[in-house]
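# Residue-level structure breakdown
As a plain string of letters, each chain reads:
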Amino acid sequence: MVIKVENLVKRYGDLIALDHFNMELHEGEVLGLLGPNGSGKTTAINCILSLLKYDKGNIEIFGKPMSPDAYDIKRDIGIIMQNVAVFEELTVYENTDYFCGLYVTDKKKRRALVDEAIEFVGLKDFKKFYPKKLSGGLLRRLNIACGIAHKPKLIILDEPTVAVDPQSRNNILEGILRLNKEGASIVYTSHYMEEVEQICSRIIIMDKGKTIAAGTKDELKSMIKAVEKVTVEVYQPNEGVLTGIRSLNNVISAEFDGEMLVVKCGKGSHNLMMILEHLKANDILFGKVYSEPPTLNDVFLEITGKELRD
Amino acid sequence: MQVYKAFFKIIKKNLIEISIYLLVFLFFAILMTTTGSDRQNIGFEETKKNIAFINNDKESEIVAGLRDYLSEKANIVEIEDDAEKLQDALFYRKVEYIVRVPAGFSDDFLSGKEFQLEKTTVPNSTAAIYMDSLINKYLNTASIYLKYSDSASQDEIIKNIKKDLEAHTQVTVNSFNTKKANGQKYMYYFNYMAYSLFSVMILGVCAVMIVYNKTDLKRRNHCAPIKTRNINLQLLFGNLSFALIAWALMVSTSFIFYPKQMFSLNGLLFLLNSLVASVTFLSISFLISNIIKSKNAMSAAANVVSLGFCFISGVFVPQEMLGETVLNIASFTPTYWYIKANIRIAETVEFSMKHLKPIFTDMLIVLAFALASVTVALVIMKQKRTSEA
Ligand SMILES: Nc1ncnc2c1ncn2[C@@H]1O[C@H](COP(=O)(O)OP(=O)(O)O)[C@@H](O)[C@H]1O
Ligand SMILES: [Mg+2]
């Protein structure tokens, strides 16, 4: 077990940011913490790293209790904070060297590690650049280089792709998978469900400081009743259409989103056919048609009654 | 070592702003050496002040000599020794300064006992400070003669002093003034240094401490396997090194401009005094760095605090030109005591404990400011720490 968090409670005054939060990270996993803004992801990370005092709970890392002066534990952790934490006054190279140097004192070894980290995030041509001269995406990559240069066994990334261009985003996501392949266990927080689905082997969905669901993405999706989402473009949407569709077998819900009829269906192999036949039989004209498996957003929606992204 | 190294990289990034103050200082230092002699004394001589000299003692040589000496520097106005009349004379500014020689003064002085001249003056008088210094100078000179004449009887001593004063008064006074003129010139160098040193210190220390006090970077540093105490210790050494370098740079030019004076005891005292001031400026800068958050605030503080302190303390305008109220306020700043010590050092000709003690006292007061600033800074830091968690 790399990280074990039990019944973590953290209050900011009256606000309960973490409400008996539990989490386990196994060796070799990429664990996703998925939750909307303000759900307590950063607070959880800060507590795990002993950056914040918490009111209740137990935190173990590498099987040992974590504390502010557990330096042997800290040595093996790489942290990429939500807010980019680099020195404006230091270049890309100097920044990476500074943070790596807090972990690795041997100069020669460090030089190799720093070069490797800079190469890894694709900032080789920017070594002498100051952070101010980097775009948002490159700055995030520098933040990552500073966190991983010392080759930690556990890497924690807190929303590393916020405000990042698609190219940097892909670079970052691929990088995380490569680090994982090289043996690092990873905690990845995000409010982007697509990213979490894409790279995480296990996912914890958070809301209001609580775990509301956990498992692999398939496990999570099988937790909900709706397994298929059918979307049909209807030219003359009206209540009658909805009533008709809702009366069908296997249909869980039907709503209009503008001209788009969104129908959620339970398990069954002919949902799409059934809906289209119903429309034809009732002379309802329709255009484009999609059928999709449910997303984590649907999971979140079904459990909490609200969208993941507001 | 990472933190210590980063300290100087951050300084390097801010070097332009910092070195402006160094260059301005150098400019003024050159200006001071190239401009003519002591404008100040001339100014005083052009407007001789009116003073009253009341002698309640016997008409001894020493009293007469003092009166003669003062009459060269001021107009001695004859006023009857009557409390009310003297008050009126002061009130209507007929005189600005009254010195009264108490009975028994001559004997006390000659036998080396403690003595006290009574002085009455109008408020905010620049003449008072000037006259005080003249009287002190005369009596200091006389006491040196007294000390080094081995004659047995007092009569003879008085005669010797008189003879010496008569023979050398002109010479003595002149040489004294020359020394003072030189002393004042490089005293101004060290006085002005307070401003540059203070500004440089605030800019340098704040530039680094603002960075290290940023919440995000602080947290990031806490994630690493390095003790907070270790980080703070490296920052402390960074700050001390920076202060030492800034001080060394600024005093080094004094050896170029005033080589002869710097290799003297006065020079040594000036160096010591400015070093002590550097420590205090460093501490105050550290305190400021814990209060301000942005670089704009840092530049503002460098200007407001250092310029403000220095202005009221007599860095740019001599202390004797500043009003009493201003000086009273200024006594709550370390620069005031630094300048005061500089003035004393410039006037010191005899390096006995009696003359050095007030200088060291001033330095201790300057150091007390350092202690106070660090204490307040530590309290603020502790409060911040508890409110953050
Ligand atoms: N320092 C703080 N003081 C008070 N409330 C805070 C503080 N930090 C976070 N919060 C609150 O705690 C909740 C969780 O925040 P956070 O952990 O940052 O969420 P996330 O990272 O998932 O967006 C939010 O409601 C936020 O407003
Ligand atoms: Mg967050």
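Residues numbered from 1 in each chain as written. Chains lettered and ligands numbered in written order. Predicted model: local features only at pLDDT ≥ 70, side-chain atom pairs only at ≥ 80, totals over all residues. Heavy atoms only, no water.

## Regarding the environment of B:N273
Residues and elements named next belong to chain B. Rules: Each helix is a run of DSSP H or I of at least 4 residues and each strand a run of E of at least 2, with the numbering of both proceeding from the N terminus. Contacts between residues were defined by any pair of non-hydrogen atoms, one from each residue, lying within 4.5 Å.
When you line up the elements, N273 lands in helix α12 (residues 265-291). For the pair formed by N273 and N342, sequence separation is 69 residues and the distance between their alpha carbons is 7.5 Å. For N273, the contacting residues outside a window of four places in its chain are Y338, A341, N342, I345 and M363.

## Some points on the pattern of salt bridges
Oppositely charged side chains can form a pair if their charged atoms are brought close together. For the record, the criterion: In what follows, salt bridge is the name for a side-chain nitrogen of Lys or Arg lying within 4 Å of a carboxyl oxygen of Asp or Glu. The buried label goes to any residue with under 20% of its type's maximum accessible area, the exposed label to any with over 50%, and the partly exposed label to all in between, with areas taken from a 1.4 Å probe on protein chains only.
For the structure on display, the rule yields 24 salt bridges over all chains. The shortest N-O distance in the salt bridge between A:K264 and A:D298 comes to 3.5 Å. You can see A:K264 sitting in strand β13 (residues 260-265) and its partner A:D298 sitting in helix α11 (residues 296-304), a full 34 residues away along the chain. The exposure classification of A:K264 matches that of A:D298, with both residues buried. In this structure, B:D107 and B:K58 form a salt bridge, with 2.8 Å as the shortest nitrogen-oxygen distance. Here the residue B:D107 occupies a position in helix α6 (residues 105-110), and B:K58 occupies one in the loop between β1 (50-55) and α4 (61-73), the gap between them amounting to 49 residues. When its relative accessible area of 43% is taken as the criterion, B:K58 is described as partly exposed. Sharing partners across several salt bridges, the network here consists of B:D81, B:R100 and B:E118.

## A look at the sheet that holds strand β3 (residues 30-34) of chain A
Residue and element names in this part refer to chain A. Keep this limit in mind: One bridge is not enough; two strands pair if DSSP finds at least two bridges between them. In this analysis, axes come from line fits to C-alpha atoms, helices being fitted only over the stretch in contact, and the angle between any two N-to-C directions falls in the range 0 to 180 degrees.
Sheet architecture is open: six strands sit in the order β6-β7-β8-β3-β9-β10, paired in mixed fashion. With one partner strand each, in any of the chains shown, β6 (77-80) and β10 (210-215) form the two edges of the open sheet. Mean inter-strand twist for the sheet, computed between neighbouring axes without regard to direction, equals 15°. Note: strand β7 (residues 154-158) against strand β8 (residues 185-190), five bridges, orientation parallel. By the bridge assignment for β8, I155 is matched with I186. Along the sheet, helix α5 (residues 136-148) makes contact with β6 and β7, crossing β6 at roughly 165°. Lying on the sheet, helix α6 (residues 166-181) is in contact with β3, β7 and β8; it crosses β8 at an angle near 155°.

## Quick word on the layout of surface pockets
Counted only if it meets this: A cavity, in this analysis, means grid points on a 1 Å lattice covering only the protein atoms where a 1.4 Å probe fits yet has no way out; a pocket is instead an open set bounded by protein on both sides within 12 Å along at least five of seven lines, and a residue lines either one if it has an atom within 4 Å of a point. Grid points are joined across faces, edges and corners, and a volume is the space filled by probe spheres set on the points. Classification used: nonpolar for Ala, Val, Leu, Ile, Met, Phe, Trp, Tyr, Cys and Pro, charged for Asp, Glu, Lys and Arg, polar for all others including Gly.
In this structure, the second largest pocket occupies an estimated 1,300 Å³ of space. Looking at the lining of the second largest pocket, the elements that each hand over two or more residues are α2 (71-74) of chain A together with α8 (154-213), α9 (215-223), α10 (228-257), α12 and α16 (353-388) of chain B. If you tally residues by element for the lining of the second largest pocket, the top one is α10(B), at nine residues. Of the residues that constitute the lining of the second largest pocket, the class distribution is 22 nonpolar, 11 polar and 11 charged.

## Some details on the coordination of the magnesium ion (ligand 2)
Residues and elements named next belong to chain A. The line we're drawing: Because no water is among the atoms considered, metal sites can look incomplete, with donors defined as N, O and S atoms within 2.8 Å of the metal, or 3.2 Å for Na, K and Ca.
Of the protein atoms, only T42 (OG1) and Q82 (OE1) coordinate the magnesium ion (ligand 2), at distances of 1.9 to 2.2 Å. Placement of T42 in helix α1 (residues 41-48) and of Q82 in the loop between β6 and α3 (92-101) is noted, with a sequence separation of 40 residues between them. For T42, a relative accessible area of 25% gives the class partly exposed.

## A short note on the side chain of A:T231
Tracing the backbone through its elements, the reader meets A:T231 in strand β11 (residues 228-234). When near neighbours in sequence (up to four residues on either side) are disregarded, A:T231 contacts A:M260, A:L261, A:V262, A:K288, A:V289, A:Y290 and A:E292.

## Digging into the sheet that holds strand β4 (residues 118-121) of chain B
Residue and element names in this part refer to chain B. Pairing within the open sheet is mixed, and its four strands lie in the order β2-β1-β3-β4. One side of each edge strand has no neighbouring strand; the edge strands of this open sheet are β2 (75-76) and β4. Along the sheet face, α4 touches β1, β2 and β3 (97-101) and points at about 175° away from the line of β1. Helix α5 (residues 83-91) contacts β1, β3 and β4 of the sheet and is inclined by roughly 150° relative to β3.

## Points about the pairing of strand β2 (residues 15-25) of chain A
Pairing between strand β1 (residues 3-12) of chain A and β2(A): seven bridges, direction antiparallel. What sits directly across from A:L8, in β2(A), is A:F21.

## Remarks on the site of ligand 1
All names here are of chain A. The following threshold applies: We call a residue near a molecule or strand when any one of its heavy atoms sits within 4 Å of it. A 1.4 Å probe and the Shrake-Rupley method give the accessible areas. Residues count as covered only by the protein chains that appear here.
Taken together, Y12, L15, A17, P36, N37, G38, S39, G40, K41, T42 and T43 make up all the residues around ligand 1. In isolation ligand 1 has 560 Å² of accessible area, and contact with the protein removes 60% of it. Secondary-structure elements contributing two or more residues to the shell around ligand 1 are β2 and α1. A total of three residues in the shell around ligand 1 trace back to one element, the largest contributor, which is α1. Here the residues of the shell around ligand 1 are counted per class, giving four nonpolar, six polar and one charged.

## A look at the domain arrangement of chain B
All names here are of chain B. Rule in force here: Where each domain starts and ends follows an automatic or database-derived domain assignment. Reported buried area values correspond to the accessible surface (1.4 Å probe) lost by two parts on association, with both partners' losses combined. We call two N or O atoms a polar contact when they sit within 3.5 Å, provided that within protein one can donate a hydrogen and the other can accept it, with sequence-adjacent residues counted only if both atoms are side-chain atoms.
Partitioning chain B into structural domains gives domain 1 (2-40 + 179-388) and domain 2 (49-165). On a C-alpha basis, the centres of domain 1 and domain 2 stand 39 Å from each other. Listed by partner, the interface residues are nine residues for domain 1 and nine residues for domain 2. Note on domain 1 versus domain 2: buried area summed over both sides is about 770 Å², and carbon and sulfur give 51% of it. Our count for the contact surface shared by domain 1 and domain 2 stands at zero salt bridges. For the pair domain 1 and domain 2, the number of links is zero residue pairs in polar contact (both at pLDDT 80 or more). Tallied by class, the residues present in the side of domain 1 that touches domain 2 amount to one nonpolar, three polar and five charged.

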